[in-house]
Amino acid sequence: MYLSWMSNQLLLLFSFVLGWISLLGVVLPSGLFHSCGDLYGRLRLTWQAEKMKRPYLLTLVCFWAITCSLMPSSDGLRRIGLKKRLLDLASIKAARQARLDGKYGVILKDRGIKLGDSDVDIVYLKNYMDAQYYGEISIGSPPQNFTVIFDTGSSNLWVPSSKCYFSIACYFHSRYKASKSSTYTKIGKPCSIHYGSGSISGYFSQDNVGVGDVVVKDQVFIETTREGSLTFVLAKFDGILGLGFQEISVGDTVPVWYNMVDQGLVDEKVFSFWLNRDPTAEVGGEIIFGGVDSTHYKGDHSYVPITEKGYWQFEMGDFLIGNQSTGFCEGGCAAIVDSGTSLLTGPTSIVTQINHAIGAEGVVSTECKEIVSQYGDMIWDLLVAGVEPKKVCSEIGLCYSDGAQSVSSNIEMVVDKQTDKGTSVGESPLCTACQMAVVWMKNQLNNQEVKEKVLDYVNQLCESIPSPGGEALIDCNAISSMPNVTFTIGDKAYVLTPEQYILKTGEGPAAICISGFMALDVSPPRGPLWILGDVFMGVYHTVFDYGNLRLGFAEAA
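Computed from a predicted structure; not experimentally measured. (Residues numbered from 1 in each chain as written. Predicted model: local features only at pLDDT ≥ 70, side-chain atom pairs only at ≥ 80, totals over all residues. Heavy atoms only, no water.)

(A) How the structure looks around the environment of Asn 484. Along the chain, Asn 484 falls in the loop between β16 (473–474) and β17 (485–489). Sequence-wise, Asn 484 and Leu 320 are 164 residues apart; in three dimensions their C-alpha atoms are separated by 8.3 Å. Not counting residues up to four positions away in its chain, the partners in contact with Asn 484 are Leu 320, Ile 321, Gly 322, Val 495, Leu 496, Thr 497 and Pro 498. (Helix = DSSP H or I, 4+ residues; strand = E, 2+ residues; numbered from the N terminus. Contact = heavy atoms within 4.5 Å.)

(B) Focus on the pairing of strand β9 (residues 270–275). Within β9, 6 of the 6 residues are buried, leaving the element largely enclosed by the surrounding structure. With burial as the criterion, each face of β9 is covered, one bearing Val 270, Ser 272 and Trp 274 and the other bearing Phe 271, Phe 273 and Leu 275. Relative to strand β23 (residues 540–545), β9 runs antiparallel, the two sharing 4 bridges. Its bridge partner being in β23, Phe 271 is matched across the sheet by Phe 544. Where β9 and strand β10 (residues 285–289) come together, 5 bridges link them in antiparallel fashion. When the sheet's bridge partners are listed, Leu 275 is paired in β10 with Gly 285. (Buried < 20%, exposed > 50% of the residue type's maximum accessible area, 1.4 Å probe, protein only. Pairing = 2+ DSSP bridges.)

(C) A look at the sheet that holds strand β19 (residues 502–505). Reading across from one edge, β16-β20-β19 is the order of the 3 strands in this open sheet, with antiparallel pairing throughout. Edge positions in the open sheet fall to β16 and β19, since each of these has one partner strand only. Here 4 bridges tie β19 to strand β20 (residues 512–515), and the two strands are oriented antiparallel to one another. When the bridges of β20 are listed, Lys 504 appears paired with Cys 513.

(D) Broad picture of the state of the cysteines. This model, assessed by the stated rule, comprises 6 disulfides. A sulfur-sulfur distance of 2.1 Å marks the disulfide that ties Cys 329 to Cys 333. Residues Cys 329 and Cys 333 are joined by a disulfide whose S-S torsion is about -90°; by sign, that bridge is left-handed. Across the pair, Cys 333 and Cys 329 agree in class, each one buried. (Disulfide = S-S within 2.5 Å.)

(E) Structural view of the packing of aromatic side chains. Taken as a whole, this structure holds 28 aromatic pairs when the rule is applied. Between Tyr 258 and Tyr 546, the aromatic rings sit 5.1 Å apart at their centres with planes inclined by 55°, giving tilted as the arrangement. Note that Tyr 258 is positioned in helix α6 (residues 256–262) and Tyr 546 in the loop between β23 and β24 (550–555), a separation of 288 residues in sequence. Each member of the pair, Tyr 258 as well as Tyr 546, is classed as buried. On the numbers, 5.8 Å between centres and 80° between planes, the contact of Phe 487 with Phe 536 is edge-to-face. Here the residue Phe 487 occupies a position in strand β17, and Phe 536 occupies one in helix α14 (residues 534–537), the gap between them amounting to 49 residues. (Phe/Tyr/Trp six-rings, centres within 6.5 Å; stacked < 30°, edge-to-face > 60°.)

(F) Layout of unusual backbone geometry. That bond from Ser 141 to Pro 142 is cis: its omega, -5°, falls within 30 degrees of zero. Mapped onto the elements of the fold, Pro 142 is located in the loop between β2 (132–139) and β3 (144–151). A positive phi angle, close to 55°, is found at Asp 218, a residue other than glycine. By relative accessible area, which is 45% here, Asp 218 ends up partly exposed. Of note, the phi angle at Asp 252 is positive, near 55°, even though the residue is not glycine.

(G) Looking closely at helix α7 (residues 348–358). Among the 11 residues of α7, 9 are classified as buried, and the element is accordingly described as predominantly covered. Residues of α7 that are buried: Thr 348, Ser 349, Ile 350, Val 351, Thr 352, Gln 353, Ile 354, Asn 355 and Ile 358. Note on α7: the residue one or two positions beyond its end, Gly 359, has a positive phi of about 75°.

(H) Representation of the pairing of strand β12 (residues 313–321). Along β12, 8 of the 9 residues are buried, which leaves the element largely enclosed by surrounding structure. Across 4 bridges, the pairing between β12 and β17 is antiparallel. Paired with Ile 321 across the bridge in β17 is Val 485. Inspection of the sheet shows β12 paired to strand β13 (residues 324–325) by 2 bridges, in the antiparallel sense. Each bridged residue has a counterpart across the sheet, and for Leu 320 the counterpart in β13 is Ser 325. Between β12 and β13, which pair antiparallel and follow one another directly, the connecting turn spans 2 residues, one of which, Gly 322, has a positive phi of 65°.

If you want it as structure tokens, here you go:
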């Protein structure tokens, strides 16, 4: 009995020691922690079996505490361990919407970069059922911890403020308390970011920001005092840390990544993403600032140049469904790689074709079918006569422009709020439907299909147009028969299999499958635009080379 009581006391002592280690700011490397935890487990089993003598127990516990607190990490890096959560369909949809609301409304190794380098900083990510990846940062002295999305599609850092009194979302998340930080500097300049279904507002402040193992001094960030969307309540993250370029930073504030470079906290002007698409895995992924981990990818990275600073934007070539070209991006399309978007988004006309090919259930578009029945023959004749596709809809009087206006956008980007005074004029639903029909019919004409067959095909596509919320449900039993899709980037084909572009939750009769593609129409001059989100980045390890203004892709390991 005494030995059993002593075992319990030693277990309490063990917890007490760990608590003090935590309070003193000593970070135990995760790899070592697992081995120490294993020893702890063995100790407990041994104590419960009452097979050890008291003096040996005390000696062993003391030896364990000293060893685990002093021993260095095997790779010289401090890691942040993260937990996992399961969720249902409603949570997937809420997470996806929160990601969109949170932003838009919208080679190295042969340069000598190794995982063990002292100037390489690692942040572990949490995978929220493939819908959100987020990690932990700290702000202030002593540090106040927050979970944030590391978002390459925006450039500001924001977290809820302790002065956020009138937004429910703030009460469900950690809030920054300026009065508790000795390194806080007041700025107070008001600011706001407007999104498609809400906005956040607050004011600028300055403090030290901890990212992984390093501390960024005097970082300007936003304390939000209002979060005007219910989706922020449902989000599993407190804020957003933008990794885009300063050109799209609200208030022209210097992004965290810029300051990491300027303050010499990283040796190379590079960061890389590895996203683990296994939602049951212990580690959801990781960001490495200053380098890459060669165990996270296969082969070498292929690079493409950045075409426009702001987002991480590049030029994408043709997009294929199966082995069939859609013809939409043969002349090149703008695309961005965006860790803050869960899915793959593209023009409605192309996503509709994908939905049709994989049997996704969409909403029947009355306007689309009306175009086919009333104007289908006319569109066909104009295309056969050689009229430029972009001018067809204006020729028959359904659009007011000559094609410079693409399918109108239902989302306004943050950057549009800052730099544009209304760059586009919204087109009518019939114009939008006409433009999509032209794309589909032109593609089929290139394949030398007959008119009757083409019009019937376009009618079928009308039934596959995504619903306004973007949901596209899939028959889980049909995944094996669905086609691959291929993105052409820098003359290299990047293939996604159905298993990779379909999100699945649940098993057996309770399983629900959702298409990884979502329609998003961005108007010129920034559109049409593809957004390659986490679905793509989970398959292809991505390097963001800030120093050379390029992006690198390699098959993820």
